[in-house]
Amino acid sequence: MKKKIGLNRNLRLVYLVLFLLFGCEKDLINKSEITEINESWDLEQIKASGTLRALMIYSGTTYYLYKGRPMGYEFELLERFAEYLDVSLEIIVVNDLDEIFEKLNNGEGDIVAHGLTITTDRKEDVAFTDHLYLTKQVLVQKKPDNWRSINWGKLKKELVHDPIDLLGDTISVRDKTSYKERIYNLSEELGGTIHVNLLPGELSTDEIIEKVAEGEIKYTIADHNIASIMATYYPVLDVKVPVSFSQRIAWATRHDSQNLLKATNSWLKEIKRQIDFNVIYNKYFKNKKYFRRRIRSDFYSLNKQQISPYDDLIKRYSKGINWDWRLVASQVYQESKFDPRVSSWAQASGLMQLMPKTAEDLGVTNRADPEQSIKGGTKYLNQLWANFDHVKDSVQRIKFTMASYNCGLYHIIDAQNLAKEKGLNKDIWDDNVENIVLKLNKPDYYNHPIVKYGYVRGSEPFNYVKQIFERYEHYIKFIRE
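Note on numbering: residues in each chain are counted from 1, in written sequence order. At least 70 in pLDDT is required for a residue's local features to be given in this predicted model, at least 80 for side-chain atom pairs to be given and counted, and no such filter applies to totals for whole chains, interfaces and linings, which use all residues. In computing side-chain values, all of the structure's heavy atoms are included and hydrogens and water are not.

Let us look at helix H11 (residues 258-271). The way it works is that DSSP assigns letters per residue, a run of H or I at least four long becomes a helix, a run of E at least two long becomes a strand, and they are numbered from the N terminus. A helix is expected to span 1.5 Å multiplied by its residue count minus one. Between the first and last C-alpha of H11 there are 20 Å, a value that for 14 residues agrees with the 20 Å anticipated at 1.5 Å per step. Only protein chains enter the accessibility calculation, which uses a 1.4 Å probe; a residue whose area is less than 20% of its type maximum is buried, one above 50% is exposed, and one in between is partly exposed. Among the residues making up H11, those that are buried are Leu260, Leu261, Ala263, Thr264, Asn265, Trp267, Leu268 and Ile271.

Any two of the Phe, Tyr and Trp rings considered here, Trp counted by its six-membered ring, make a pair once their centres fall within 6.5 Å; the pair's planes then place it as stacked at under 30 degrees, edge-to-face at over 60, or tilted in between. What the rule picks out here adds up to 25 aromatic pairs. Measuring from ring centre to ring centre gives 5.6 Å for Tyr63 and Phe75, while their planes differ by 35°; the resulting arrangement is tilted. Of this pair, Tyr63 sits in the loop between strand S1 (51-56) and strand S2 (64-66) while Phe75 sits in helix H4 (residues 73-85), and the two are twelve residues apart along the sequence. Taken together, a centroid distance of 4.8 Å and an interplanar angle of 85° make the contact between Tyr233 and Tyr234 edge-to-face. Take Tyr234: its relative accessible area is 15%, and that puts it in the buried class. Put simply, the rings of Tyr58, Tyr63, Phe75 and Phe478 touch in pairs and so form one group of aromatic residues. By definition here, charges over rings are those cases where NZ of Lys or CZ of Arg is within 6 Å of the ring centre and within 35 degrees of the ring normal. Its guanidinium or amino end placed over the ring of Trp147, Lys143 lies 3.9 Å from that ring's centre, counting from NZ or CZ.

Checked against the element boundaries, Arg296 lands in helix H13 (residues 288-296). For the pair Arg296 and Glu434, spaced 138 residues apart in the sequence, the C-alpha separation amounts to 41 Å. Contacts are assigned to residue pairs that have any heavy atoms within 4.5 Å of one another. Leaving out residues up to four positions away in the same chain, Arg296 has contacts with Tyr233 and Asn303.

Orientation is described by axes fitted as lines to C-alpha atoms, over the contacting stretch for helices, and by angles from 0 to 180 degrees between their N-to-C directions. One way to put it is that H4 packs onto H11 with a least axis distance of 11 Å and a crossing angle of 115°. When the interaxial angle is binned, H4 and H11 end up roughly perpendicular. When the axes of H4 and H11 are compared, the crossing they make is right-handed. For the pair H4 and H11, contact is made by Leu77, Arg80, Phe81, Tyr84 and Leu85 and by Leu260, Ala263, Thr264, Ser266, Trp267, Glu270 and Ile271, respectively. Its residues assigned to classes, the contact of H4 with H11 comprises eight nonpolar, two polar and two charged. Each angle gets one of four labels, with under 35 degrees taken as roughly parallel, over 145 as roughly antiparallel, 65 to 115 as roughly perpendicular, and the rest as oblique. With the far helix as reference, a near helix turned anticlockwise by less than a right angle produces a left-handed crossing, and one turned clockwise produces a right-handed crossing. In this classification, the charged set is Asp, Glu, Lys and Arg, the nonpolar set is Ala, Val, Leu, Ile, Met, Phe, Trp, Tyr, Cys and Pro, and all remaining amino acids, among them Gly, are polar.

The next subject is the side chain of Ser204. Summarising the element assignment, Ser204 is placed in the loop between strand S10 (195-199) and helix H9 (205-213). Among the polar contacts listed, one links the side chain of Ser204 to the side chain of Asp206, at a separation of 2.7 Å. When sequence neighbours within four positions are dropped, the list of residues in contact with Ser204 reads Ile57, Tyr58 and Arg174. Any pair of N or O atoms that falls within 3.5 Å is considered a polar contact. Within protein, one atom must be able to donate a hydrogen and the other to accept it, and sequence-neighbouring residues count only if both atoms are side-chain atoms.

Our focus in this paragraph is the layout of surface pockets. Using only the protein atoms, space was sampled on a 1 Å grid; points where a 1.4 Å probe fits but cannot get out form cavities, open sets with protein on both sides within 12 Å along at least five of seven lines form pockets, and lining residues are those with an atom within 4 Å of a point. Grid points are joined across faces, edges and corners, and a volume is the space filled by probe spheres set on the points. The volume enclosed by the second largest pocket comes to roughly 940 Å³. Around the second largest pocket, the lining comprises 24 residues; the ones closest to its centre are Ala346, Tyr405, Asn406, Cys407 and Glu460. Contributions of two or more residues to the lining of the second largest pocket are made by helix H15 (325-336), helix H18 (394-407), helix H19 (409-421) and helix H22 (459-478). The biggest single contributor to the lining of the second largest pocket is H18, with four residues. Residues of the lining of the second largest pocket, tallied by class, amount to 13 nonpolar, eight polar and three charged.

With that settled, consider the nonpolar core. Here, the term nonpolar core denotes a set of buried Ala, Val, Leu, Ile, Met, Phe, Trp, Tyr and Cys residues that are joined through side-chain atoms within 4.5 Å. Counting 118 residues, the largest nonpolar core has Leu52, Tyr73, Leu77, Leu237, Ile314, Trp323 and Met402 as its most contacted members. For Ile314, the residues in contact, after removing those within four places along its chain, are Ser308, Trp325, Val328, Ala329, Val332, Phe338 and Ile374. One finds Val112, Leu116, Val126 and Ala252 within the second-largest nonpolar core, a separate group that totals 15 residues.

Here it is as C-alpha coordinates:
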(Lines give C-alpha, C1' and ligand atoms only; values in the text may rest on other atoms or scores of the structure.)
Protein backbone atom coordinates (compact mmCIF):
# COMPACT_ATOMS: atom_id res chain seq x y z
CA MET A 1 0.00 0.00 0.00
CA LYS A 2 1.36 3.41 -0.91
CA LYS A 3 2.31 5.51 2.08
CA LYS A 4 0.11 8.58 2.46
CA ILE A 5 0.00 11.42 4.92
CA GLY A 6 -3.29 12.31 6.60
CA LEU A 7 -4.14 15.94 7.38
CA ASN A 8 -3.86 15.18 11.08
CA ARG A 9 -0.54 13.37 11.02
CA ASN A 10 1.63 15.90 12.81
CA LEU A 11 -0.86 16.32 15.63
CA ARG A 12 -1.29 12.56 15.88
CA LEU A 13 2.47 12.13 16.22
CA VAL A 14 2.64 14.73 18.96
CA TYR A 15 -0.21 12.99 20.74
CA LEU A 16 1.49 9.62 20.43
CA VAL A 17 4.32 10.88 22.61
CA LEU A 18 1.93 10.71 25.55
CA PHE A 19 1.34 7.04 24.81
CA LEU A 20 4.95 6.13 24.24
CA LEU A 21 6.46 7.93 27.19
CA PHE A 22 3.68 8.38 29.73
CA GLY A 23 1.16 5.61 28.97
CA CYS A 24 -1.83 7.90 28.40
CA GLU A 25 -5.06 5.89 28.05
CA LYS A 26 -6.88 8.15 25.64
CA ASP A 27 -7.36 7.17 22.02
CA LEU A 28 -5.44 8.87 19.27
CA ILE A 29 -6.91 12.12 18.02
CA ASN A 30 -9.46 11.47 15.31
CA LYS A 31 -9.19 13.44 12.13
CA SER A 32 -12.72 14.70 12.74
CA GLU A 33 -11.44 16.53 15.84
CA ILE A 34 -9.09 18.73 13.86
CA THR A 35 -10.47 18.65 10.34
CA GLU A 36 -13.86 20.11 9.64
CA ILE A 37 -15.80 17.69 7.46
CA ASN A 38 -18.12 19.56 5.17
CA GLU A 39 -20.90 18.33 2.95
CA SER A 40 -18.57 17.75 0.02
CA TRP A 41 -16.25 15.35 1.84
CA ASP A 42 -16.05 12.51 -0.65
CA LEU A 43 -13.54 10.30 -2.42
CA GLU A 44 -11.44 13.20 -3.69
CA GLN A 45 -10.99 14.62 -0.20
CA ILE A 46 -10.25 11.16 1.21
CA LYS A 47 -7.51 10.62 -1.35
CA ALA A 48 -6.10 14.09 -0.75
CA SER A 49 -5.95 13.42 3.00
CA GLY A 50 -4.40 10.01 2.34
CA THR A 51 -6.60 8.24 4.87
CA LEU A 52 -9.84 6.26 4.76
CA ARG A 53 -11.57 6.43 8.15
CA ALA A 54 -13.67 3.35 8.80
CA LEU A 55 -16.24 3.13 11.60
CA MET A 56 -16.20 -0.36 13.11
CA ILE A 57 -17.18 -2.23 16.26
CA TYR A 58 -15.39 -4.87 18.30
CA SER A 59 -16.82 -8.25 17.38
CA GLY A 60 -15.73 -11.85 17.03
CA THR A 61 -16.17 -11.60 13.27
CA THR A 62 -15.65 -7.89 12.52
CA TYR A 63 -12.52 -6.64 14.30
CA TYR A 64 -10.47 -8.09 17.17
CA LEU A 65 -6.95 -8.96 18.27
CA TYR A 66 -5.73 -12.57 18.32
CA LYS A 67 -2.21 -13.62 19.32
CA GLY A 68 -0.96 -10.12 18.68
CA ARG A 69 -2.50 -9.75 15.24
CA PRO A 70 -5.48 -7.54 14.30
CA MET A 71 -8.08 -9.65 12.52
CA GLY A 72 -11.71 -9.80 11.42
CA TYR A 73 -13.81 -10.26 8.30
CA GLU A 74 -14.48 -6.57 7.77
CA PHE A 75 -10.94 -5.68 8.83
CA GLU A 76 -9.32 -7.91 6.22
CA LEU A 77 -11.61 -6.59 3.50
CA LEU A 78 -10.93 -3.00 4.59
CA GLU A 79 -7.19 -3.53 4.27
CA ARG A 80 -7.71 -4.59 0.68
CA PHE A 81 -10.11 -1.72 -0.01
CA ALA A 82 -7.64 0.86 1.34
CA GLU A 83 -4.96 -0.65 -0.86
CA TYR A 84 -7.33 -0.42 -3.83
CA LEU A 85 -7.88 3.30 -3.09
CA ASP A 86 -4.12 3.77 -2.48
CA VAL A 87 -4.65 5.31 0.95
CA SER A 88 -3.91 4.44 4.56
CA LEU A 89 -6.55 2.91 6.78
CA GLU A 90 -7.66 4.47 10.06
CA ILE A 91 -10.06 2.48 12.20
CA ILE A 92 -12.43 4.34 14.49
CA VAL A 93 -14.08 2.04 17.00
CA VAL A 94 -17.70 2.77 17.85
CA ASN A 95 -18.58 1.35 21.25
CA ASP A 96 -22.33 1.84 20.88
CA LEU A 97 -23.67 0.38 17.65
CA ASP A 98 -26.84 2.46 18.01
CA GLU A 99 -24.71 5.57 17.33
CA ILE A 100 -22.86 4.36 14.25
CA PHE A 101 -25.04 6.09 11.61
CA GLU A 102 -25.02 9.32 13.61
CA LYS A 103 -21.24 9.27 13.77
CA LEU A 104 -21.03 8.59 10.03
CA ASN A 105 -23.33 11.48 9.16
CA ASN A 106 -21.52 13.78 11.60
CA GLY A 107 -18.32 13.22 9.62
CA GLU A 108 -16.52 11.16 12.26
CA GLY A 109 -15.82 8.49 9.66
CA ASP A 110 -16.07 7.95 5.92
CA ILE A 111 -17.58 4.47 5.78
CA VAL A 112 -19.31 2.03 8.11
CA ALA A 113 -17.55 -1.31 7.73
CA HIS A 114 -19.87 -3.64 9.59
CA GLY A 115 -22.36 -6.28 8.52
CA LEU A 116 -25.48 -4.16 8.05
CA THR A 117 -28.78 -5.54 6.80
CA ILE A 118 -30.15 -3.33 4.03
CA THR A 119 -33.62 -2.09 5.01
CA THR A 120 -35.93 0.59 3.64
CA ASP A 121 -35.85 2.59 6.88
CA ARG A 122 -32.06 2.57 7.02
CA LYS A 123 -31.83 3.80 3.44
CA GLU A 124 -33.20 7.11 4.67
CA ASP A 125 -30.14 7.55 6.90
CA VAL A 126 -27.31 6.13 4.80
CA ALA A 127 -26.35 4.92 1.34
CA PHE A 128 -25.67 1.21 1.18
CA THR A 129 -22.95 -0.41 -0.91
CA ASP A 130 -23.63 -3.46 -3.03
CA HIS A 131 -24.07 -6.46 -0.77
CA LEU A 132 -21.10 -8.44 0.49
CA TYR A 133 -23.11 -11.58 1.08
CA LEU A 134 -26.64 -12.88 1.62
CA THR A 135 -27.92 -14.34 4.86
CA LYS A 136 -31.16 -14.76 6.77
CA GLN A 137 -32.15 -13.98 10.32
CA VAL A 138 -32.71 -16.86 12.71
CA LEU A 139 -34.03 -17.31 16.22
CA VAL A 140 -31.32 -18.04 18.77
CA GLN A 141 -32.62 -20.12 21.68
CA LYS A 142 -31.12 -22.33 24.35
CA LYS A 143 -31.74 -26.07 24.57
CA PRO A 144 -32.45 -27.60 27.98
CA ASP A 145 -29.35 -28.12 30.13
CA ASN A 146 -29.76 -31.89 29.86
CA TRP A 147 -30.37 -31.80 26.11
CA ARG A 148 -27.74 -34.44 25.36
CA SER A 149 -29.46 -37.05 27.50
CA ILE A 150 -33.14 -36.52 26.61
CA ASN A 151 -34.87 -38.06 23.59
CA TRP A 152 -35.66 -36.08 20.46
CA GLY A 153 -39.38 -35.97 21.08
CA LYS A 154 -38.98 -34.32 24.47
CA LEU A 155 -36.31 -31.97 23.16
CA LYS A 156 -38.61 -30.93 20.33
CA LYS A 157 -41.32 -29.95 22.80
CA GLU A 158 -38.86 -27.71 24.69
CA LEU A 159 -37.93 -25.64 21.65
CA VAL A 160 -39.66 -23.17 19.37
CA HIS A 161 -39.96 -24.58 15.85
CA ASP A 162 -42.24 -21.98 14.25
CA PRO A 163 -42.19 -18.20 14.74
CA ILE A 164 -45.91 -18.31 15.57
CA ASP A 165 -44.96 -19.95 18.87
CA LEU A 166 -43.25 -16.69 19.84
CA LEU A 167 -46.50 -14.73 20.10
CA GLY A 168 -46.80 -13.36 23.62
CA ASP A 169 -43.16 -14.11 24.36
CA THR A 170 -40.16 -11.76 24.51
CA ILE A 171 -37.09 -11.49 22.29
CA SER A 172 -34.03 -9.44 23.37
CA VAL A 173 -32.25 -7.30 20.76
CA ARG A 174 -30.48 -3.95 20.47
CA ASP A 175 -32.57 -0.92 19.60
CA LYS A 176 -31.50 0.39 16.21
CA THR A 177 -31.14 -2.91 14.42
CA SER A 178 -32.81 -4.78 11.63
CA TYR A 179 -33.54 -7.47 14.22
CA LYS A 180 -35.91 -5.18 16.10
CA GLU A 181 -37.59 -4.18 12.83
CA ARG A 182 -37.99 -7.85 11.99
CA ILE A 183 -39.73 -8.60 15.30
CA TYR A 184 -42.28 -5.84 14.67
CA ASN A 185 -42.85 -7.02 11.10
CA LEU A 186 -43.19 -10.61 12.28
CA SER A 187 -45.76 -9.58 14.89
CA GLU A 188 -47.78 -7.85 12.20
CA GLU A 189 -47.51 -10.78 9.81
CA LEU A 190 -48.62 -13.23 12.51
CA GLY A 191 -51.45 -11.02 13.76
CA GLY A 192 -50.25 -10.87 17.35
CA THR A 193 -47.58 -9.39 19.59
CA ILE A 194 -44.01 -10.47 20.19
CA HIS A 195 -42.56 -8.33 22.95
CA VAL A 196 -39.16 -6.69 22.58
CA ASN A 197 -36.59 -6.36 25.34
CA LEU A 198 -34.09 -3.67 24.30
CA LEU A 199 -30.44 -4.31 25.10
CA PRO A 200 -27.62 -1.75 25.32
CA GLY A 201 -26.02 -0.70 22.04
CA GLU A 202 -22.59 -1.52 23.49
CA LEU A 203 -23.30 -5.24 23.17
CA SER A 204 -22.20 -6.93 19.97
CA THR A 205 -24.31 -9.65 18.38
CA ASP A 206 -21.96 -12.39 19.53
CA GLU A 207 -22.09 -11.06 23.12
CA ILE A 208 -25.88 -11.16 23.01
CA ILE A 209 -25.81 -14.72 21.66
CA GLU A 210 -23.51 -15.64 24.53
CA LYS A 211 -26.13 -14.30 26.97
CA VAL A 212 -28.66 -16.73 25.48
CA ALA A 213 -26.19 -19.61 25.90
CA GLU A 214 -25.65 -18.66 29.55
CA GLY A 215 -29.37 -18.34 30.23
CA GLU A 216 -29.33 -14.60 30.92
CA ILE A 217 -31.89 -13.95 28.18
CA LYS A 218 -34.36 -16.34 26.59
CA TYR A 219 -34.25 -15.47 22.87
CA THR A 220 -32.50 -13.20 20.44
CA ILE A 221 -32.32 -12.86 16.67
CA ALA A 222 -29.09 -12.92 14.67
CA ASP A 223 -27.81 -13.34 11.15
CA HIS A 224 -27.55 -17.02 10.32
CA ASN A 225 -23.83 -17.02 9.53
CA ILE A 226 -22.95 -15.38 12.87
CA ALA A 227 -25.39 -17.54 14.84
CA SER A 228 -24.12 -20.74 13.21
CA ILE A 229 -20.46 -20.06 13.95
CA MET A 230 -21.32 -19.14 17.56
CA ALA A 231 -23.31 -22.36 17.93
CA THR A 232 -20.17 -24.37 17.17
CA TYR A 233 -18.70 -23.05 20.43
CA TYR A 234 -21.98 -23.14 22.35
CA PRO A 235 -23.63 -26.42 21.26
CA VAL A 236 -26.42 -25.74 23.75
CA LEU A 237 -27.76 -23.19 21.25
CA ASP A 238 -30.39 -23.93 18.63
CA VAL A 239 -30.25 -21.63 15.60
CA LYS A 240 -32.39 -23.58 13.13
CA VAL A 241 -35.58 -21.51 13.09
CA PRO A 242 -35.57 -18.86 10.31
CA VAL A 243 -37.51 -15.66 10.93
CA SER A 244 -36.79 -13.92 7.61
CA PHE A 245 -36.13 -14.51 3.95
CA SER A 246 -32.63 -13.96 2.53
CA GLN A 247 -31.33 -10.48 3.26
CA ARG A 248 -28.48 -8.44 1.85
CA ILE A 249 -25.55 -7.50 4.10
CA ALA A 250 -23.58 -4.41 3.14
CA TRP A 251 -21.45 -1.46 4.29
CA ALA A 252 -22.68 2.15 4.29
CA THR A 253 -21.55 5.65 3.34
CA ARG A 254 -23.14 9.08 3.66
CA HIS A 255 -25.66 9.99 0.99
CA ASP A 256 -23.40 12.80 -0.22
CA SER A 257 -20.36 10.51 -0.64
CA GLN A 258 -21.47 9.24 -4.02
CA ASN A 259 -17.98 8.90 -5.47
CA LEU A 260 -16.83 6.87 -2.49
CA LEU A 261 -19.92 4.70 -2.89
CA LYS A 262 -19.16 4.14 -6.58
CA ALA A 263 -15.52 3.30 -5.81
CA THR A 264 -16.59 0.83 -3.11
CA ASN A 265 -18.99 -0.90 -5.48
CA SER A 266 -16.36 -1.06 -8.23
CA TRP A 267 -13.94 -2.64 -5.79
CA LEU A 268 -16.56 -5.11 -4.58
CA LYS A 269 -17.32 -6.13 -8.14
CA GLU A 270 -13.62 -6.74 -8.72
CA ILE A 271 -12.80 -8.56 -5.49
CA LYS A 272 -15.85 -10.83 -5.70
CA ARG A 273 -14.25 -12.38 -8.78
CA GLN A 274 -11.18 -13.33 -6.76
CA ILE A 275 -10.74 -16.52 -4.75
CA ASP A 276 -9.48 -14.41 -1.86
CA PHE A 277 -12.97 -13.02 -1.26
CA ASN A 278 -14.49 -16.43 -0.52
CA VAL A 279 -11.43 -17.55 1.43
CA ILE A 280 -11.84 -14.61 3.83
CA TYR A 281 -15.55 -15.32 4.29
CA ASN A 282 -14.94 -19.01 4.97
CA LYS A 283 -12.17 -18.18 7.44
CA TYR A 284 -14.52 -16.24 9.71
CA PHE A 285 -17.91 -17.83 9.12
CA LYS A 286 -17.24 -21.42 8.05
CA ASN A 287 -14.02 -22.56 9.74
CA LYS A 288 -15.50 -23.96 12.95
CA LYS A 289 -12.24 -25.44 14.26
CA TYR A 290 -10.41 -22.13 13.93
CA PHE A 291 -13.29 -20.25 15.59
CA ARG A 292 -13.39 -22.59 18.59
CA ARG A 293 -9.62 -22.42 19.06
CA ARG A 294 -9.63 -18.63 18.89
CA ILE A 295 -12.56 -18.01 21.20
CA ARG A 296 -11.00 -20.24 23.89
CA SER A 297 -7.66 -18.44 23.75
CA ASP A 298 -6.38 -16.14 26.49
CA PHE A 299 -4.84 -14.10 23.68
CA TYR A 300 -8.16 -13.29 22.04
CA SER A 301 -8.85 -9.64 22.86
CA LEU A 302 -12.56 -10.15 23.50
CA ASN A 303 -11.65 -12.56 26.31
CA LYS A 304 -8.73 -11.03 28.19
CA GLN A 305 -6.51 -7.95 28.05
CA GLN A 306 -3.52 -9.95 26.85
CA ILE A 307 -1.42 -9.72 23.73
CA SER A 308 1.04 -12.57 24.22
CA PRO A 309 2.32 -15.09 26.78
CA TYR A 310 5.18 -12.66 27.44
CA ASP A 311 3.23 -9.55 28.41
CA ASP A 312 4.59 -9.46 31.96
CA LEU A 313 8.19 -9.64 30.75
CA ILE A 314 7.58 -7.01 28.09
CA LYS A 315 5.94 -4.71 30.65
CA ARG A 316 8.82 -5.11 33.09
CA TYR A 317 11.62 -4.37 30.66
CA SER A 318 9.72 -1.70 28.72
CA LYS A 319 9.34 0.19 31.96
CA GLY A 320 13.12 0.24 32.25
CA ILE A 321 13.45 2.19 28.99
CA ASN A 322 10.27 4.27 29.59
CA TRP A 323 8.46 2.99 26.47
CA ASP A 324 4.83 1.95 26.24
CA TRP A 325 4.91 -1.83 26.61
CA ARG A 326 2.34 -2.22 23.83
CA LEU A 327 4.76 -0.59 21.40
CA VAL A 328 7.53 -2.98 22.44
CA ALA A 329 5.05 -5.87 22.13
CA SER A 330 4.35 -4.77 18.56
CA GLN A 331 8.08 -4.85 17.86
CA VAL A 332 8.42 -8.32 19.39
CA TYR A 333 5.59 -9.52 17.16
CA GLN A 334 7.35 -7.96 14.16
CA GLU A 335 10.55 -9.79 15.02
CA SER A 336 9.27 -13.23 15.95
CA LYS A 337 5.47 -13.34 16.12
CA PHE A 338 6.04 -14.23 19.80
CA ASP A 339 7.79 -17.50 18.92
CA PRO A 340 11.04 -17.78 20.96
CA ARG A 341 12.23 -20.71 18.81
CA VAL A 342 12.30 -18.85 15.50
CA SER A 343 15.61 -18.20 13.70
CA SER A 344 16.40 -16.21 10.58
CA TRP A 345 18.68 -16.98 7.66
CA ALA A 346 21.10 -14.39 9.08
CA GLN A 347 21.39 -16.36 12.37
CA ALA A 348 19.22 -13.97 14.39
CA SER A 349 17.08 -15.84 16.88
CA GLY A 350 14.71 -15.55 19.82
CA LEU A 351 11.80 -13.26 20.56
CA MET A 352 13.85 -10.15 19.78
CA GLN A 353 15.88 -11.82 16.99
CA LEU A 354 19.27 -10.92 18.42
CA MET A 355 22.37 -11.66 16.35
CA PRO A 356 25.05 -13.82 18.02
CA LYS A 357 27.60 -11.00 18.46
CA THR A 358 24.97 -8.50 19.62
CA ALA A 359 23.64 -11.02 22.14
CA GLU A 360 27.16 -11.63 23.46
CA ASP A 361 27.77 -7.89 23.90
CA LEU A 362 24.47 -7.58 25.75
CA GLY A 363 25.23 -10.46 28.11
CA VAL A 364 22.59 -12.74 26.61
CA THR A 365 23.76 -16.34 26.94
CA ASN A 366 20.60 -18.06 25.68
CA ARG A 367 18.74 -16.22 22.93
CA ALA A 368 15.90 -18.75 23.04
CA ASP A 369 15.13 -17.80 26.64
CA PRO A 370 12.24 -15.29 26.51
CA GLU A 371 13.38 -13.22 29.48
CA GLN A 372 16.98 -12.98 28.32
CA SER A 373 15.86 -12.04 24.82
CA ILE A 374 13.45 -9.30 25.95
CA LYS A 375 15.88 -7.97 28.53
CA GLY A 376 18.68 -7.92 25.96
CA GLY A 377 16.50 -6.49 23.19
CA THR A 378 15.24 -3.59 25.30
CA LYS A 379 18.78 -2.92 26.53
CA TYR A 380 19.88 -2.72 22.89
CA LEU A 381 17.00 -0.35 22.09
CA ASN A 382 18.15 1.88 24.93
CA GLN A 383 21.70 1.92 23.56
CA LEU A 384 20.46 2.86 20.09
CA TRP A 385 18.13 5.51 21.56
CA ALA A 386 21.15 7.27 23.11
CA ASN A 387 22.57 7.93 19.63
CA PHE A 388 19.62 10.16 18.69
CA ASP A 389 19.57 12.68 21.52
CA HIS A 390 19.63 15.45 18.89
CA VAL A 391 16.18 14.32 17.71
CA LYS A 392 13.80 16.33 19.89
CA ASP A 393 10.53 14.73 18.83
CA SER A 394 10.16 11.57 20.93
CA VAL A 395 8.12 9.66 18.34
CA GLN A 396 10.63 10.42 15.60
CA ARG A 397 13.46 9.39 17.91
CA ILE A 398 11.74 6.06 18.54
CA LYS A 399 11.38 5.51 14.81
CA PHE A 400 15.10 6.16 14.25
CA THR A 401 15.86 3.75 17.08
CA MET A 402 13.66 1.02 15.61
CA ALA A 403 15.05 1.48 12.11
CA SER A 404 18.57 1.14 13.56
CA TYR A 405 17.53 -2.02 15.37
CA ASN A 406 16.42 -3.44 12.04
CA CYS A 407 19.22 -2.53 9.64
CA GLY A 408 22.05 -1.14 11.77
CA LEU A 409 22.81 2.21 13.36
CA TYR A 410 25.38 3.35 10.82
CA HIS A 411 23.12 2.83 7.83
CA ILE A 412 20.61 5.14 9.51
CA ILE A 413 23.33 7.72 10.25
CA ASP A 414 24.32 7.52 6.56
CA ALA A 415 20.69 8.17 5.63
CA GLN A 416 20.51 11.14 8.00
CA ASN A 417 23.64 12.70 6.53
CA LEU A 418 22.43 12.15 2.98
CA ALA A 419 19.01 13.59 3.85
CA LYS A 420 20.67 16.77 5.08
CA GLU A 421 22.76 16.90 1.89
CA LYS A 422 19.58 16.74 -0.18
CA GLY A 423 17.78 19.46 1.74
CA LEU A 424 15.64 17.22 3.94
CA ASN A 425 15.32 17.30 7.71
CA LYS A 426 17.76 14.75 9.11
CA ASP A 427 15.96 14.70 12.46
CA ILE A 428 12.58 13.64 11.06
CA TRP A 429 12.01 10.05 9.99
CA ASP A 430 8.59 10.49 8.36
CA ASP A 431 8.81 11.62 4.73
CA ASN A 432 12.41 12.71 5.19
CA VAL A 433 15.04 10.19 6.29
CA GLU A 434 12.77 7.22 5.55
CA ASN A 435 12.65 8.30 1.90
CA ILE A 436 16.44 8.31 1.73
CA VAL A 437 16.64 4.90 3.42
CA LEU A 438 14.34 3.54 0.73
CA LYS A 439 16.83 4.62 -1.94
CA LEU A 440 19.98 3.24 -0.34
CA ASN A 441 19.65 0.20 -2.61
CA LYS A 442 20.35 2.39 -5.65
CA PRO A 443 23.95 2.99 -6.83
CA ASP A 444 23.48 6.78 -7.05
CA TYR A 445 22.66 6.77 -3.35
CA TYR A 446 24.85 4.10 -1.74
CA ASN A 447 27.86 5.25 -3.79
CA HIS A 448 27.39 8.88 -2.76
CA PRO A 449 30.59 10.25 -1.14
CA ILE A 450 28.78 11.04 2.11
CA VAL A 451 27.60 7.44 2.51
CA LYS A 452 30.21 5.46 4.45
CA TYR A 453 28.48 2.11 5.00
CA GLY A 454 27.13 1.43 1.53
CA TYR A 455 24.17 -0.58 0.32
CA VAL A 456 21.12 -1.42 2.43
CA ARG A 457 17.81 -2.94 1.39
CA GLY A 458 15.90 0.13 2.47
CA SER A 459 12.40 -1.30 2.11
CA GLU A 460 13.07 -3.49 5.15
CA PRO A 461 13.59 -0.74 7.80
CA PHE A 462 10.97 1.41 6.05
CA ASN A 463 8.29 -1.29 6.33
CA TYR A 464 9.58 -2.45 9.72
CA VAL A 465 8.89 0.91 11.39
CA LYS A 466 5.65 1.45 9.51
CA GLN A 467 4.20 -1.94 10.38
CA ILE A 468 5.19 -1.77 14.06
CA PHE A 469 3.42 1.57 14.47
CA GLU A 470 0.36 0.42 12.52
CA ARG A 471 0.06 -2.63 14.76
CA TYR A 472 0.65 -0.49 17.84
CA GLU A 473 -2.35 1.63 16.94
CA HIS A 474 -4.45 -1.54 16.97
CA TYR A 475 -2.97 -2.58 20.32
CA ILE A 476 -3.85 0.68 22.03
CA LYS A 477 -7.43 0.33 20.82
CA PHE A 478 -7.80 -3.14 22.32
CA ILE A 479 -5.43 -3.27 25.29
CA ARG A 480 -5.81 -0.80 28.16
CA GLU A 481 -2.69 0.67 29.72
